[in-house]
Amino acid sequence: MYGLIRDFVRRKRLKKYASDIETGLVPLAGGSIVNVLIDVEEPGFDELKEDILVWGRKNPGLKVNIYFIDFRRLGKDELLLTSITNTILRKELDWVGMPDMGKIAPLVDEKSDVLISMADRHDFPVDFITRCTKARFKIGRHKYDGHPFDMVLKGGETADLRSDARQIFAAITEFLTKIK
């Protein structure tokens, strides 16, 4: 019964907050805004973050914003790996799994050219963010019902059943440079 009620509330909230901006291929030009969503539990997280920062510095016409999701259960002696201002934490999700709107407002409300979701997880918070962001071109690593992404890139299977995020990000950036 709880699952039925939760799913009903999720559908209502998605309908209320979902972006109505038409999406599709967008060439990156001077002044483009790219938002990137990264899961801190991703193997090679630090290297992936550095790759994104280097890509942003190599393309001075781009404004690259990085947002993080951290759904780990942290112990008393554990610290966050990222800034609290641009990290969505497990404790900031409500009972249906929706992130705090005040926390995700910069990501969701700001009109951007591209959203790159490097989160290799199939859960409601990532789905919600993807559907509600006002990006004109959405790239992801996981397919969701309703097809919120314009492009989905999956890598090969690895020992821990996750693909190499750095290789996928390199493929995404290479593809983005070819769009004219």
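Anything mentioned here points back to the structure above.
Everything quoted here is computed from the prediction, not taken from an experiment.

A. Focus on the overall build of the protein. Tallying secondary structure elements over the protein gives five helices and six strands in all. Sequence-ordered secondary structure for the protein, helices as α and strands as β, is α-β-α-β-β-α-β-α-β-β-α. Considering only C-alpha atoms, the protein reaches an extent of 50 × 40 × 30 Å along its principal axes. Within the protein, the proportion of its 180 residues that are buried is 45%. Looking at the protein alone, contacts between residues at least 24 apart form 61% of all its contacts between residues at least 6 apart. Put simply, the protein shows about 9800 Å² of open surface, and 53% of that area lies on carbon and sulfur atoms.

B. Region of the structure containing the sheet that holds strand S1 (residues 32-39). If you walk across this open sheet you meet the six strands as S3-S2-S1-S4-S5-S6, and the pairing is parallel. In the strand order of this sheet, the two ends are held by strand S3 (87-89) and strand S6 (151-152), each with one partner. As judged from the three bridges shared by strand S2 (residues 62-70) and S3, these two strands associate in the parallel manner. Of the residues in S3, the one forming a bridge with Phe-68 is Thr-87.

C. Seen up close, the side chain of Arg-10. As for its placement among the helices and strands, Arg-10 is situated in helix H1 (residues 2-17). For the buried residue Arg-10, which engages in no salt bridge, the nearest side chain bearing the opposite charge is Asp-7, 4.2 Å off. Every residue in contact with Arg-10, bar those within four places of it in the chain, is listed here: Val-96, Gly-97 and Phe-124.

D. Representation of the packing of helix H2 (residues 45-58) against helix H5 (residues 165-178) in the model. Put simply, H2 and H5 touch, their axes get as near as 9 Å, and they point 20 degrees apart. By the criterion of interaxial angle, the relationship of H2 to H5 is roughly parallel. By crossing handedness, the relation of H2 to H5 is classed as right-handed. Each of Glu-47, Leu-48, Asp-51, Ile-52 and Trp-55 in H2 lies in contact with H5, whose residues at this interface are Ala-165, Arg-166, Phe-169, Thr-173 and Leu-176. When its residues are assigned to classes, the contact of H2 with H5 shows six nonpolar, one polar and three charged.

E. Summary view of the pairing of S1. Most of S1 sits inside the fold, with eight of its eight residues counted as buried. In S1, alternate side chains face the same way, and those of Ser-32, Val-34, Val-36 and Ile-38 on one face and Ile-33, Asn-35, Leu-37 and Asp-39 on the other are all buried. Looking at chain direction, S1 and S2 are connected through eight bridges and run parallel. Among the inter-strand pairings, Leu-37 is bridged to a residue of S2, identified as Tyr-67. With H2 bridging S1 and the parallel S2, this β-α-β connection has right-handed handedness. With four bridges joining them, S1 and strand S4 (residues 112-117) adopt parallel strand pairing. Across the sheet, residue Leu-37 finds its bridge partner in S4, namely Ser-117.

Cut-offs applied
Residues numbered from 1 in each chain as written. Predicted model: local features only at pLDDT ≥ 70, side-chain atom pairs only at ≥ 80, totals over all residues. Heavy atoms only, no water. Helix = DSSP H or I, 4+ residues; strand = E, 2+ residues; numbered from the N terminus. Buried < 20%, exposed > 50% of the residue type's maximum accessible area, 1.4 Å probe, protein only. Contact = heavy atoms within 4.5 Å. Areas by Shrake-Rupley, 256 points an atom, 1.4 Å probe, with all protein chains shown as cover. Pairing = 2+ DSSP bridges. Lys, Arg positive; Asp, Glu negative; His and termini not counted. Salt bridge = Lys/Arg side-chain N within 4 Å of Asp/Glu carboxyl O. Axes fitted to C-alpha atoms, helices over the stretch in contact; angles between N-to-C directions. Parallel < 35°, antiparallel > 145°, perpendicular 65-115°, else oblique. Left-handed = near helix turned anticlockwise from the far one by under 90°. Nonpolar A, V, L, I, M, F, W, Y, C, P; charged D, E, K, R; others polar. Right-handed = clockwise from strand over helix to strand, strands pointing away.

Geometry only, nothing functional implied.
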